[in-house]
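Chain by chain, the residues run as shown.
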Number of protein chains: 2
Amino acid sequence: MAGHLMDAGHALTVYSRTREKAAPLLDRGASWAENPAAVAANCDILFSMVGFPEDVESIYLGDRGVLASEQVPGICVDLTTTRPSLVLKIHDRLDRHGSTLIDAPVSGGWIGAKEGVLAIMAGGERAAFDKVLPLLKTFGRDIEWMGPIGSGQHTKMCNQILAAGTMIGVCESLLYAEKAGLNREEVIGIVSRGAAACWSIQKLGPKIVEGDYSPGFYVEHFIKDLGIALEESKALGLSLPGTALAYELYERTSALGRGRDGTQALIEAIRDLSDGSDGSA
Amino acid sequence: MAGHLMDAGHALTVYSRTREKAAPLLDRGASWAENPAAVAANCDILFSMVGFPEDVESIYLGDRGVLASEQVPGICVDLTTTRPSLVLKIHDRLDRHGSTLIDAPVSGGWIGAKEGVLAIMAGGERAAFDKVLPLLKTFGRDIEWMGPIGSGQHTKMCNQILAAGTMIGVCESLLYAEKAGLNREEVIGIVSRGAAACWSIQKLGPKIVEGDYSPGFYVEHFIKDLGIALEESKALGLSLPGTALAYELYERTSALGRGRDGTQALIEAIRDLSDGSDGSA
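This text gives an overview of the structure that appears in the document. Keep in mind that this is a model prediction, so the values were computed, not measured.

1. Some remarks on the overall build of chain A
Here is step 1 of the chain: Looking only at helices and strands, chain A features 14 helices and eight strands.
Here is step 2 of the chain: In terms of overall size, chain A behaves like a compact globule, its C-alpha atoms giving a radius of gyration of 20 Å where 281 residues would be expected to give roughly 19 Å.
Here is step 3 of the chain: Overall, chain A is about 65 × 40 × 35 Å in size when its C-alpha atoms are taken along their principal axes.
Here is step 4 of the chain: Buried positions account for 58% of the 281 residues belonging to chain A.
Here is step 5 of the chain: Sequence-distant contacts in chain A: of pairs separated by 6 or more residues, those separated by 24 or more amount to 64%.
Here is step 6 of the chain: In chain A, which carries 26 positive and 36 negative side-chain charges, the distance between the mean positions of the two groups comes to 2 Å.

2. Quick notes on the interface of chain B and chain A
Here is step 1 of the chain: Chain B puts 59 residues into the contact, and the matching count from chain A is 59 residues.
Here is step 2 of the chain: Both sides of the chain B and chain A interface together cover about 4,900 Å² of buried area, and 69% of this is carbon and sulfur.
Here is step 3 of the chain: Together, B:Leu162, B:Tyr176 and B:Ile190 form the three largest contributors to the area buried by chain B at its contact with chain A, with a combined 16%.
Here is step 4 of the chain: At the surface where chain B touches chain A, the tally comes to four salt bridges.

3. Describing helix H5 (residues 84–96) of chain B
All names here are of chain B.
Here is step 1 of the chain: Over its 13 residues, H5 extends 19 Å from the first C-alpha to the last, a length consistent with the 18 Å expected when each residue adds 1.5 Å.
Here is step 2 of the chain: Within H5, burial applies to Pro84, Leu86, Val87, Ile90, His91 and Leu94. Buried positions in H5, seen along its axis, are confined to an arc of 150 degrees and lie on one side of it.
Here is step 3 of the chain: On its buried side, H5 packs onto helix H4 (53–61), strand E4 (75–78), strand E5 (100–103), helix H8 (151–179) and helix H12 (219–235).
Here is step 4 of the chain: Backbone geometry just after H5 places glycine 98 at a positive phi near 75 degrees.

4. Regarding the side chain of A:Asp142
Here is step 1 of the chain: By secondary structure assignment, the location of A:Asp142 is in strand E8 (residues 140–147).
Here is step 2 of the chain: Setting aside residues up to four positions removed in sequence, A:Asp142 forms contacts with A:Leu118, A:Ala119, A:Ile120, B:Ile190 and B:Arg193.

5. Re the packing of aromatic side chains
Here is step 1 of the chain: Scanning the entire structure with this criterion turns up 10 aromatic pairs over all chains.
Here is step 2 of the chain: Measuring from ring centre to ring centre gives 5.9 Å for A:Tyr15 and A:Trp32, while their planes differ by 45 degrees; the resulting arrangement is tilted. Highlighted residues: A:Tyr15 in the loop between strand E1 (13–14) and helix H2 (23–27) and A:Trp32 in strand E2 (residues 31–32), separated in sequence by 17 residues.
Here is step 3 of the chain: For A:Trp32, a relative accessible area of 21% puts it in the partly exposed group.
Here is step 4 of the chain: Between B:Trp110 and B:Tyr218 the ring centres are 5.4 Å apart and the planes differ by 85 degrees, which places this aromatic pair in the edge-to-face class. Within this pair, whereas B:Trp110 is found in helix H6 (residues 109–115), its partner B:Tyr218 is found in the loop between helix H11 (205–209) and H12, the two being separated by 108 residues in sequence.
Here is step 5 of the chain: Positioned above the aromatic ring of A:Phe52, the side-chain terminus of A:Lys224 is 5.9 Å from the ring centre.

6. Some points on the state of the cysteines
Here is step 1 of the chain: Scanning the entire structure with this criterion turns up zero disulfides over all chains.
Here is step 2 of the chain: Looking at the unpaired A:Cys158, the closest cysteine sulfur is the one in B:Cys171, lying at 13 Å.

Thresholds applied
Residues numbered from 1 in each chain as written. Chains lettered and ligands numbered in written order. Predicted model: local features only at pLDDT ≥ 70, side-chain atom pairs only at ≥ 80, totals over all residues. Heavy atoms only, no water. Helix = DSSP H or I, 4+ residues; strand = E, 2+ residues; numbered from the N terminus. Rg over C-alpha atoms; globule rule 2.2 N^0.38 Å. Buried < 20%, exposed > 50% of the residue type's maximum accessible area, 1.4 Å probe, protein only. Contact = heavy atoms within 4.5 Å. Lys, Arg positive; Asp, Glu negative; His and termini not counted. Charge placed at Lys NZ, Arg CZ, Asp CG, Glu CD. Buried area = accessible area lost by both parts, 1.4 Å probe. Salt bridge = Lys/Arg side-chain N within 4 Å of Asp/Glu carboxyl O. Expected span 1.5 Å × (residues − 1). Arc of directions from axis to C-beta. Phe/Tyr/Trp six-rings, centres within 6.5 Å; stacked < 30°, edge-to-face > 60°. Lys NZ or Arg CZ within 6 Å of the ring centre and 35° of its normal. Disulfide = S-S within 2.5 Å.

Pasting the structure below:
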């Protein structure tokens, strides 16, 4: 994503916890900063993207974080999928420094990032969004402003809740097909053309048949996202039993040592449930 | 479906429990038979399609059923979604009379039937399937032979298990979007273009937004199908927690008086769970 920004002619100052990961950008002329505060001091628009909410909090509110800088960029864009409540908190703190936050979680995985075709769901002040839109377009394709700050995260939660349901359906369906002695490729073919069709059966179904659990999206990151979805649901007064079940089943997947596999590895947790397990974790 | 067969020039003898439903066919020259046995006595290939397994059993094994006829058609094709074990039982009985059964459940709903574009998943003897294929083509588009008798039903179960997961995802996602104050049309738009995309969010999502629960497929028929899927799963030694949850939630949907609504009415059962219910049915 940073590479796409450089391709478009933008000067970058970069920081990564693992400096080697920034090497290709530094080789191409990006400047290195020792911490997020040093990045903040050197740019007008700051992008952040990390793994977990605590990482986001550290980048903005930590000792060497953005808000510890003598100069805070006019617009910060956090691309991490994180807690809507955390996004609001950081936005409030930035606002006091005359800055503003855009929450802009993405969808599309590593391939989408590499090819510059990510979906981006953004929330925040509309004028600030319009200003960063040309930058987002360097690595995104479907880019939507969804409303005030936090709306990007909420939209991403909708996406993950939907993905969780489809993944349960895909894995239970293919496990049934296997046990019933059907040709799973043929099953994928016919169900992909009807009312049960989904991206996951079309793209991840064939990987499951091949036993290929290589990650498009990590199990452990999906657990993080579903955990946030459940916390937010509770805050909204919602009970989402399917999302709760998906969270539990993905925790089981991770307990099987598959946290760094792709989300399609869920089928192994459901298989494990079926193979005489008593159902306790 | 019978109309499409007549359009293709085939002479039909028909029976329906509700004679008025056959009137348009009789007006076009189809012959009326007083019971399934009388249909059987008058045809070479017999098609059946009803609602529930007990109806299928009655048509073939009942007092005035196909097997009570002095002459059993060479090939019977049951298009109902029903129990694989029942299909095997009927096949065995037909086999003793020199006949054979093709199980060929369909997908695509009333619109698919009317437009002649149903998906058809068939099981049974390959030679018999090849013989009826031209007839199936009059009302089907995606038609696949999946293997020996029962394979059509098993494939349909795969389809329904997958559909159940996607429907839970769709309904929980749109309920979250509503409570989070998002524009649901925009959410449907963006999630429909990414990794969570599915037919259900694209086609039924907008209906949910409009509060339109008119049936493409009845809740009560989906409960029947999921009940069969769970029975068969158990017989196969499988535990499918997502399918079990969907069954329970659809039972709640039906308990809300929505058995004859479309499957998208599931969102009302999940909403009901969230509105202070203690979780007991």
